[in-house]
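A structural walkthrough
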Amino acid sequence: MHAMNRRTDRSDGAGSDPRGARDKDVVVVGAGPTGLLLAGDLAEAGLGVTLLERRPAEISNLTRALVVHARSLEQLDARGLADELVAGGHPLTGLRLFGRATIDPTRLRSRFPFVLVTPQFEVERVLERRARRAGVTFRHDSEVLGLDQDADGVTVRFRTAEGLGSVRAAYVVGTDGVRSTIREAVGLPFPGRSVLRSLVLADVRLAQEPDSPLTFNATGEAFALIASFGGGWYRVIGWNRHRQAADDAPADLDEVRELTRLALGSDYGMHDARWISRFHSDERQVPSYRVGRVFLAGDAAHVHSPAGALGMNTGLQDAANLSWKLAAVLRGRAPDGLLDSYQTERHPVGKQALRSSGALIRLALLPTGPGRAVRALAAQLVNRVRPLSLRAVRTISGLGIAYPAGPGAHPLAGHRAPDLRLAGGSRLYELLRQGRFVLITPAGEPGVPQAPANGGDSPRPADDRVVTASWRSERRTALLVRPDGYIAWATDATAPAARTAALRGAVAHWTGTEDGASIATGLTPAAHAADTPAGR
């Protein structure tokens, strides 16, 4: 940690206070999809949030992301945003990875059994609108210079056209991309390496419309992706093994046409390019997503190749994991130690994203000859071996992500909860829009169990932090679902006394108690014999 540098040139709230007064609860740095989702969640939880963004408000993000996967759509559904996004995009029921290898999302048990092609700026649009409505304070054209943190909070220093300013908060989250100033400010390394150089991006019009809103192929000598993003414009991303140049070397439409012909067999009559750029793709990940009161999420924490379209999606899910935990701690419902589970749960997911995208891009770019044979074999395995193909689509879609649940936990704990249909016609992800835990019990059972009549030492769960629902079927399992849609706890116990005690303990453990006590100290409550198959 750095020693606090007290300042009085604050431009976002009250002046400096020697006792550590804060202007906001959380400062989020970076207004991409990750930062916007996180800021909106925190503001909807009733917290004060400032979002700092280097770009002026009138300059849109020149996006590279073009695909939203099923798990990200589920997270957006839990915020009431998915249907609008789907309505304006292009749902695909198949995604070609390389050669003839395809993944089939129609096999997914999800409300969104497809890959949605939509530009990142559309995702940002719906998330920004939500964040503004929730009360997030936006400060565009604000270049972060550094930060200082102590035991009571963090001060972020920034520069605007009007001069220098600072804002102090309990926590800071850096979602400011691959060149993250926040990552540098806390001294974290970003180990890794470049995997692709001289990638070319372009926005063009086409004389000939491709067969699909997303067209991709790799030959070993080149790869190209063409995606429609509305208004007659297409985004092209491509690479040519024989045209390697530095990032600052100019690229032109002839080069874009050449690489698309090599990879796709046609340039589709490209014309009227309004933007062409060259960049490189890295594989990097920070060793820790938390340094004291500062967190990293999205590209600030992990970057990888564009294969599999995992970048924006992984960042959105980082935000969904962290937001409810910050809200619980700041509202006194959990100790600070709960925030350590962000590293425990999301760092392995980021590492897996690097491995998956890296394997895809390396396989796609194997040189011709033997490489073509290897790709053909891999395509046959993915397409014909059902368990392998299902694992591939679950990995890429994000539905296969599960978090460690600890010893003695129910087998369902830590896994994603599907969008369950519940009694009364409700859906689980509609209930999650309230930002609370959801307790699902068998039909006819009460919701949050109350403390024993004689009181004793049993804490009383705070039932205003939990939405209760019942199974539509005769299922007897009880589930407690976290605000991010993962199962916190489950039991199959049938003995009334054991079941009630287990429910009461789990709800109090995860959500705190009515008198404000927080007893959640880890990812799982103490094992209860009735919570496991052996205890039945």
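Cut-offs and rules
- Residues numbered from 1 in each chain as written.
- Predicted model: local features only at pLDDT ≥ 70, side-chain atom pairs only at ≥ 80, totals over all residues.
- Heavy atoms only, no water.
- Helix = DSSP H or I, 4+ residues; strand = E, 2+ residues; numbered from the N terminus.
- Buried < 20%, exposed > 50% of the residue type's maximum accessible area, 1.4 Å probe, protein only.
- Contact = heavy atoms within 4.5 Å.
- Areas by Shrake-Rupley, 256 points an atom, 1.4 Å probe, with all protein chains shown as cover.
- Pairing = 2+ DSSP bridges.
- Axes fitted to C-alpha atoms, helices over the stretch in contact; angles between N-to-C directions.
- Salt bridge = Lys/Arg side-chain N within 4 Å of Asp/Glu carboxyl O.
- Phe/Tyr/Trp six-rings, centres within 6.5 Å; stacked < 30°, edge-to-face > 60°.
- Lys NZ or Arg CZ within 6 Å of the ring centre and 35° of its normal.

Attention now goes to the overall build of the chain. For the chain, the count of helices and strands is 12 helices and 23 strands. The proportion of buried residues among the 536 residues of the chain is 55%. Counted over contacts in the chain with a minimum sequence separation of 6, partners at least 24 positions apart contribute 71%. Only carbon and sulfur atoms are counted for the fraction: they give 50% of the accessible area of the chain, which is about 21,800 Å².

As summarised here, the arrangement of the 4 strands in space is 21-20-22-23, forming an open sheet in which the pairing is mixed. Where the open sheet ends on each side, the last strands, each with one partner, are strand 21 (466–470) and strand 23 (487–491). For this sheet the average axis-to-axis angle between neighbouring strands, irrespective of direction, equals 15°. Judged from the 4 bridges that link them, strand 22 (residues 478–481) and strand 23 form a sheet pairing that is antiparallel. Counted as the bridge partner of Ala 478 is Thr 491 from strand 23. Contacting strand 20 (437–441), strand 21, strand 22 and strand 23, helix 12 (residues 496–511) runs over the sheet at an angle of about 170° to strand 23.

This part takes up the pattern of salt bridges. Any two side chains of opposite charge can pair if their charged atoms end up close together. Counting across every chain of the model gives 35 salt bridges. Close ionic contact of Glu 255 with Arg 278 constitutes a salt bridge, the shortest N to O distance being 2.9 Å. Here the residue Glu 255 occupies a position in helix 6 (residues 253–264), and Arg 278 occupies one in strand 16 (residues 270–285), the gap between them amounting to 23 residues. You can call Arg 278 buried: its relative accessible area is 8%. Through salt bridges with shared partners, one network takes in Asp 77, Asp 83, Arg 111, Asp 419, Arg 427, Glu 430 and Arg 433.

Aromatic ring pairs are reported here in terms of the distance separating the ring centres and the angle at which the planes meet. Enumeration according to the criterion identifies 11 aromatic pairs in this entry. Pairing Tyr 171 with Phe 295 gives two aromatic rings, centres 6.0 Å apart and planes at 55°, and the pair type is tilted. On the criterion of sequence distance, the pair formed by Tyr 171 in strand 11 (residues 163–174) and Phe 295 in strand 18 (residues 294–296) is long-range, its members being 124 residues apart. There is no split in this pair, since Tyr 171 and Phe 295 are both buried. Geometrically, the ring pair formed by Phe 295 and Tyr 342 is edge-to-face, given 6.1 Å between the ring centres and 70° between the ring planes. Note that Phe 295 is positioned in strand 18 and Tyr 342 in helix 8 (residues 340–364), a separation of 47 residues in sequence. Residue class for Phe 295 comes out buried when judged on its relative accessible area of 0%. When its relative accessible area of 0% is taken as the criterion, Tyr 342 is described as buried. Cluster of aromatic residues (ring-pair linked, three or more members): Tyr 171, Tyr 289, Phe 295 and Tyr 342. Arg 183 extends its terminal NZ or CZ atom over the ring of Phe 190, reaching a point 3.8 Å from the ring centre. Between the NZ or CZ atom of Arg 293 and the centre of the ring of Tyr 171, over which it lies, the distance is 5.1 Å.

The quantities given are spatial measurements derived from coordinates; they are silent on function.
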